[in-house]
Amino acid sequence: MKNTIELQCTIHAPKNQRQEISDILIAQLADLGFTGFLDTNEGLNAYISEESFDFSEIKQLSVVHIFGDYVDFNQKIIKDKNWNESLEKSFNPVIINDECIIRAPFHKPEKVFSYDIIIEPKMSFGTGHHVTTYLMIQAMLEMQLEDKKILDIGCGTGILSILADKKKAKKVLAVDNNEWAYTNTLENIKINHTKNITCQLGTVNDIKEDNFDFILANINKNVLLKDIPRYTEILALNGILLLSGIYKNDMNDIQRKALVIDLQYKKILEKDEWVTVQFEKK
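Residues numbered from 1 in each chain as written. Predicted model: local features only at pLDDT ≥ 70, side-chain atom pairs only at ≥ 80, totals over all residues. Heavy atoms only, no water.

K.L.:
Please clarify how the sheet that holds strand β12 (residues 235–247) should be interpreted in this entry.
P.N.:
Sheet strands pair via backbone hydrogen bonds, and the direction of the pair is either parallel or antiparallel. Overall, mixed pairing links the seven strands, which are arranged β10-β9-β8-β11-β12-β14-β13 in an open sheet. The sheet terminates laterally at β10 (197–201) and β13 (263–271), the two strands that pair on one side only. Within this sheet the neighbouring strands show an average axis-to-axis angle of 15°, counted without direction. In this sheet, strand β14 (residues 274–281) lies alongside β13 in antiparallel orientation, the contact comprising eight bridges. By the bridge assignment for β14, E270 is matched with V275. Helix-sheet contacts for helix α6 (residues 159–166) involve β8 (149–153), β9 (171–176), β10 and β11 (212–218), and the interaxial angle to β9 is about 180°. Across the face of the sheet, helix α8 (residues 221–234) comes into contact with β8, β11, β12, β13 and β14 while running at roughly 175° to β12. (Pairing = 2+ DSSP bridges. Helix = DSSP H or I, 4+ residues; strand = E, 2+ residues; numbered from the N terminus. Axes fitted to C-alpha atoms, helices over the stretch in contact; angles between N-to-C directions. Contact = heavy atoms within 4.5 Å.)

Here's what the structure looks like:
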């Protein structure tokens, strides 16, 4: 019988740092072999087989050395026979605007939705449970994506790319610099039977294409501030840049950056101190 370790990561950081720390934790724990992540009110739960777990490796992570005062770890063993039951209890379907449902393969929707997205529940930032993903999807539901060329940068599980494909986008490029996220996106593309998504491992600087009608970036403030000029370079004239991973208090920094490169502010969505903002290239 193979048991699973649940590593409970409690993040005590200020609000404007919590998501950054969570994202770094996910990336670094994935490199150690953790294959499941779930958002919690306290921070993050990460999952790995008991035989692969070594707590001494956790102590060596750079995120611990940088943010150690903000992060606490606890662990517990989940028996093999209880793993699926535990996962199903932890992951509930997400319904947005009564139009889109994000669910795991083991969920059966009670009714028909316009957009039915199936995601293997392995990453907290790509299941729709995090506010920023919810807001991005909410914004996308209002957009006309049919026959458009889309870039989903920092794609995570590929959830935004899958929605774009289901909204009849002509071409979708999903990009992430985390190999684990890249692999999970490929898995979810297959599960959803999408046809127009290409997945690439790398950063925005590795993208050779341009003239995207829409660029979707749900990352974090620091990465966005650094990469907004590059997004603008590869965005088509009158194209839309949709950004999230931003706290409401950080919006002034984002808007100042956008103003410098002549992006026109269009719209903002807010929920629980998080925002998703839309700009247009003029």
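K.L.:
What should I look at first to understand helix α1 (residues 15–31) in this one?
P.N.:
The periodicity of an α-helix, 3.6 residues per turn, causes residues three or four places apart in sequence to face the same way. For α1, with 17 residues, the first-to-last C-alpha span of 25 Å sits near the 24 Å given by 1.5 Å per residue. Those residues of α1 lying buried are Q19, I21, S22, D23, L25, I26, Q28, L29 and A30. G33 sits one or two residues past α1 and shows a positive phi near 105°. (Expected span 1.5 Å × (residues − 1). Buried < 20%, exposed > 50% of the residue type's maximum accessible area, 1.4 Å probe, protein only.)

K.L.:
Please explain the environment of K271 as it appears in this structure.
P.N.:
Considering the arrangement of structural elements, one finds K271 in strand β13. Residues K271 and L145 lie 126 residues apart in sequence; the distance between their C-alpha atoms is 24 Å. Aside from chain neighbours lying at most four places away, what touches K271 is V131, Y134 and L135.

K.L.:
Please explain the packing of α8 against helix α9 (residues 251–260) as it appears in this structure.
P.N.:
In a packed pair of helices, the relevant descriptors are the angle between the two axes and the axis-to-axis distance. With their axes 10 Å apart at the nearest point, α8 and α9 run at an angle of 5° to one another. On the basis of their axis angle, the class for α8 and α9 is roughly parallel. Residues K221, L224, L225, I228 and P229 of α8 form the contact with α9, whose participating residues are D253, I254 and K257. (Parallel < 35°, antiparallel > 145°, perpendicular 65-115°, else oblique.)

K.L.:
What exactly am I supposed to notice about the pattern of salt bridges here?
P.N.:
Pairs can form between side chains of opposite charge once their charged atoms are near each other. Taken as a whole and assessed by the stated rule, the structure comprises 14 salt bridges. With a closest N to O distance of 2.8 Å, K221 and D253 form a salt bridge. You can see K221 sitting in helix α8 and its partner D253 sitting in helix α9, a full 32 residues away along the chain. Judged by relative accessible area, D253 falls into the partly exposed class, the value being 25%. If you follow the salt bridges from partner to partner, you end up with K221, D250, D253 and R256 in one network. (Salt bridge = Lys/Arg side-chain N within 4 Å of Asp/Glu carboxyl O.)

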